Amino acid sequence: MKPPPSVLLLCADMASAVHFSCYGGPAGLTPAVDALAAGGVRFVNGYCACPPCIPARASMMCGQYAHTHGKSAHLKMPLAPQPPLLPELLAANGYRTGIVGKTHWWPPDASLGCRDTFLTIDNHLSPELGHRDAYLRFLRDQGLFSYDPATWMADREKIEARNLPFGCTKVNWTGDTACRLLEEYARGADPFFLFCSFVEPHGGSKDALRNAPRDLRSQVEAVPLPPIVEDSGEHKPAPHRRAVRELWDRPAHEKDAYRRDVFNDIALVDRNIGKILQKVDSLGLRDDLLVLFTTDHGDLMFDHGCIEKTILFERSIRVPFIARGPGVPVGESRRQFASHVDLLPTVLDYAGVPEQREWNIEGRSLLPVVRDGGAQGREYLYCESEQSHHLRPLVQSCQSKAVRHGDLKYIHTLVDGHQRYEELYDLAADPEELDNLVPSGHCCGELDHLRGELLRWLTATEISRLHPVDENHYQVPRIAREYL
């Protein structure tokens, strides 16, 4: 009997689908990801379930929405009780499991059930892992840096990419470590699951190309920056309009520098993805390996006057979603919706692991749609965000829920528990989400329908909730109590 296929999950940090060439990004920026898409299936409508890093990655690993698993924001607390995680479920079914890079889990050294762990965090020095940080151990072994918890704040710049030999930067360490694990797995008989999770781009590493080979630096720096999507903010939630003026306003040269750093890091991630895929081919693993590529969420990069994530515009929540492997068609695209909650059931389906009801998986396997473009996918796509950490001190809390049906996307935002805002966009006519249709009243029927669907989803998923949100970490804002 043929063993089940191995799985390689590649993930970049904070990069939108449209920042990759095969999704309409700058031409020539991401040849390795483009080649992966050309050799498999590319989902045009791939979405994260909740854009901050921590909830996004939790949903990827357990197949549940953020309000179900309890991590709806950037909270550094463990999931308790923790639902079964993808590596754990595969390990229980004979897989050897490994992770290289960033988990953004809590506690920070959690293995997610992986046997082989090489963990790091952030694209700067962080005390969360300390001596347990595998990348810091690598730098110590190379004689380049010695971590001292007493001086870590002053030492942060010493491990910036611009201050290290190019081959020893974190992005290259991640790719090289993944290649070494693949070599080890190729010598064994068991199927494997390897999660290669790049820290980059996550806002870009300043001067990441300073010590790069000249040909690479010239090639990347020649890529033109796409234009910024300018937005007047009319008919958008008031906290967003105010944040654009007070929190995120930057001079044009600072915006361009930030965006250039991000695209440089995307190119470096792509270079390492290419290195990993070449290693797959040289080891003879390709014929029995499912390769998946995504990002945890997007980066607005000053589109709509905003930066990073948490606001539910497309550039924040739409992510690349690519699959290549045995039985996967070559060079095809899919318009059906794909969500991060679908990642776990898709891998389990591909690996032949039967899903158990008690796992409370809310996603669905994408395998039928991957194999057959005519297969029926999900009718609705859902996303949510708890935005307060990006909008403080303007508001105490700002929560948004979104649903997409066809080309229509509805967003409901509640600020401080009582200020209600609604947005409705026709993504076919208005892909940049500049024209909120709610005030015009022209789409009343569609608006009522999507309001009802959002309420249905929130009510239906309550049955899967494993535990109430920890009251010590999430409290109803004082201003909202009089409205409840």
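Higher on the page you've got the structure.
Residues numbered from 1 in each chain as written. Predicted model: local features only at pLDDT ≥ 70, side-chain atom pairs only at ≥ 80, totals over all residues. Heavy atoms only, no water.

(A) Main features of the packing of aromatic side chains. Scanning the model with the defined rule gives 10 aromatic pairs in all. With 5.4 Å between their ring centres and 75 degrees between their planes, Phe20 and Phe293 make a pair best called edge-to-face. Of the two residues, Phe20 sits in the loop between strand 1 (6-13) and helix 1 (31-38) while Phe293 sits in strand 6 (residues 289-295), which places them 273 residues apart along the sequence. For Phe20, a relative accessible area of 2% gives the class buried. For Phe293, a relative accessible area of 1% gives the class buried. Ring geometry for Tyr135 versus Phe138: centroids 6.2 Å apart, planes at 25 degrees, classification stacked. Of this pair, Tyr135 and Phe138 are both found in helix 5 (residues 134-141), three residues apart, which corresponds to roughly one turn of the helix. Members of the aromatic cluster, connected to one another through ring pairs, are Tyr65, Tyr380, Tyr382 and Trp457. One cation-aromatic arrangement involves Arg42 over Tyr23; the distance from NZ or CZ to the ring centre is 5.0 Å. (Phe/Tyr/Trp six-rings, centres within 6.5 Å; stacked < 30°, edge-to-face > 60°. Helix = DSSP H or I, 4+ residues; strand = E, 2+ residues; numbered from the N terminus. Buried < 20%, exposed > 50% of the residue type's maximum accessible area, 1.4 Å probe, protein only. Lys NZ or Arg CZ within 6 Å of the ring centre and 35° of its normal.)

(B) Representation of helix 9 (residues 238-246). When we look at burial in helix 9, the residues that qualify are Pro239, His240 and Ala243. When helix 9 is viewed along its axis, its buried side chains cluster within an angular range of 100 degrees and face the same direction. (Arc of directions from axis to C-beta.)

(C) Summary view of the sheet that holds strand 8 (residues 332-339). Taken in spatial order, the eight strands make up an open sheet running 4-3-5-1-6-7-2-8, and their pairing is mixed. In the strand order of this sheet, the two ends are held by strand 4 (116-120) and strand 8, each with one partner. Across the sheet, the mean angle from the axis of one strand to that of its neighbour is 15 degrees, orientation sign disregarded. Two strands pair when backbone bridges link them, and strand 2 (residues 41-47) and strand 8 are joined in this way by six bridges, in the parallel orientation. Residue Arg42 lies in a different strand from strand 8, and its bridge partner there is Ser333. In the packing of helix 7 (residues 170-186) onto the sheet, the strands contacted are strand 3 (96-102), strand 4 and strand 5 (192-201), and the crossing angle to strand 5 comes to about 175 degrees. (Pairing = 2+ DSSP bridges. Axes fitted to C-alpha atoms, helices over the stretch in contact; angles between N-to-C directions. Contact = heavy atoms within 4.5 Å.)

(D) Summary view of unusual backbone geometry. Trp106 connects to Pro107 through a cis peptide bond whose omega is 5 degrees. Put simply, Glu200 and Pro201 share a cis peptide bond, and its omega is 0 degrees. Residue placement: Pro201 occurs in strand 5. Phi at Met14 is positive, roughly 60 degrees, even though this residue is not glycine. Turning to its location among the elements, Met14 is positioned in the loop between strand 1 and helix 1. Among the residues examined, Met14 registers a relative accessible area of 0% and is labelled buried. Despite not being glycine, Asp416 shows a phi value in the positive range, around 50 degrees.

(E) Focus on the packing of helix 8 (residues 214-221) against helix 10 (residues 252-282). One way to put it is that helix 8 packs onto helix 10 with a least axis distance of 10 Å and a crossing angle of 130 degrees. If you check the angle between helix 8 and helix 10, you find them oblique. As for how helix 8 packs across helix 10, the hand of that crossing is right-handed. Together, Leu216, Val220 and Glu221 of helix 8 and Arg260, Asn264, Ala267, Leu268 and Arg271 of helix 10 make up the contact between the two elements. (Parallel < 35°, antiparallel > 145°, perpendicular 65-115°, else oblique. Left-handed = near helix turned anticlockwise from the far one by under 90°.)

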